[in-house]
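Per-entry structural report
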Amino acid sequence: MIFKTPTKYFLVSGASEGYTPLNAFDGALLQAGIGNTNLIKMSSIVPPRCRMVTPVALPPGALVPVAYATITSDVPGEIISAGVAIALPKNRNHNGLIMEYSGRGERSKIEEKVRNMAIEGMKLRGWEIRDLKSIAIEYQVKKIGAAFAAVVLWG
């Protein structure tokens, strides 16, 4: 088996300028502390009983499952933001839910939107929320910029 079910998660964010959009994205990953790993983009489910930890140093080259939001822009002066939210159900036998959102505009509006998305997702499941966490970042583009926010599953 290549992957085991993660038991821990943490939230990260970063933003950066770059020579190209990909370089800006790479810089944002480095600022978030996960730039030297291989990200595996996943859908938005947190395994039951997964617990939040402070961000950990990941081994270089590790295969790392993440749910993330990202945005790049080449419009000088533009404000870009990315955010993620995680909602955990009261019933610890149910899975948690991650929502991701990015766009042009201030961090506070992006974070409010992604938190509301997580709340709505739990309502669709008919589950009460035990805990709701989020992280978001904004960046004012100089030449080419990127913003990135993620839930990293690990352990």
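What you are looking at is a predicted structure, and each value in this text was computed from that prediction instead of being measured.

Strand order in this open sheet of five strands is β2-β5-β9-β1-β4, and the pairing throughout is mixed. Single-partner strands in this sheet number two, and they are β2 (38-41) and β4 (51-52). With two bridges joining them, strand β1 (residues 8-17) and β4 adopt parallel strand pairing. Along β4, the bridge assignment pairs Y9 with M52.

Turning our eyes to something else, we now look at the packing of aromatic side chains. A full pass over the atoms with the stated rule returns three aromatic pairs. Between F25 and F148, the aromatic rings sit 5.9 Å apart at their centres with planes inclined by 80°, giving edge-to-face as the arrangement. Here F148 lies in strand β9 (residues 145-154) and F25 lies in helix α1 (residues 21-32), a separation of 123 residues in the sequence. Judged by centre distance (5.3 Å) and plane angle (45°), the ring pair of Y68 and F148 falls under tilted. Of the two residues, Y68 is situated in strand β5 (residues 63-73) and F148 in strand β9; the sequence distance between them amounts to 80 residues. Assessed through its relative accessible area of 15%, Y68 is described here as buried. You can call F148 buried: its relative accessible area is 0%. Grouped by ring-pair contacts, the aromatic residues F25, Y68 and F148 constitute a single cluster.

Bringing the pattern of salt bridges into the picture now. Summed over all chains, the structure comprises four salt bridges. Of the charged contacts, one joins E128 and K90 as a salt bridge, the two residues approaching to 3.2 Å between their closest N and O atoms. With E128 in the loop between α2 (107-125) and β8 (129-140) and K90 in the loop between β6 (79-89) and β7 (96-104), this pair connects stretches of sequence that are 38 residues apart. Assessed through its relative accessible area of 55%, E128 is described here as exposed. A salt bridge links E111 to R107; the nearest nitrogen and oxygen atoms lie 2.2 Å apart. Here R107 and E111 lie together in helix α2, a separation of four residues that amounts to about one turn.

Right, let's talk about α2 for a bit. Owing to its 3.6 residues per turn, the α-helix aligns residues three or four sequence positions apart on the same side. The end-to-end C-alpha distance of α2 is 27 Å, a good match for the 27 Å that 19 residues give at a rise of 1.5 Å each. Of the residues making up α2, those classed as buried are I110, E111, V114, A118, G121 and M122. The arc that holds every buried residue of α2, seen down its axis, measures 110°, which confines them to one face. With respect to the buried face of α2, the exposed residues turned more than 90 degrees away are K109, E112, K123 and L124. On its buried face, α2 sits against β6, β7 and β8. Once α2 ends, the next one or two residues include G126, with phi positive near 75°.

Each value, and the rule that gives it
- Residues numbered from 1 in each chain as written.
- Predicted model: local features only at pLDDT ≥ 70, side-chain atom pairs only at ≥ 80, totals over all residues.
- Heavy atoms only, no water.
- Pairing = 2+ DSSP bridges.
- Helix = DSSP H or I, 4+ residues; strand = E, 2+ residues; numbered from the N terminus.
- Phe/Tyr/Trp six-rings, centres within 6.5 Å; stacked < 30°, edge-to-face > 60°.
- Buried < 20%, exposed > 50% of the residue type's maximum accessible area, 1.4 Å probe, protein only.
- Salt bridge = Lys/Arg side-chain N within 4 Å of Asp/Glu carboxyl O.
- Expected span 1.5 Å × (residues − 1).
- Arc of directions from axis to C-beta.
- Contact = heavy atoms within 4.5 Å.

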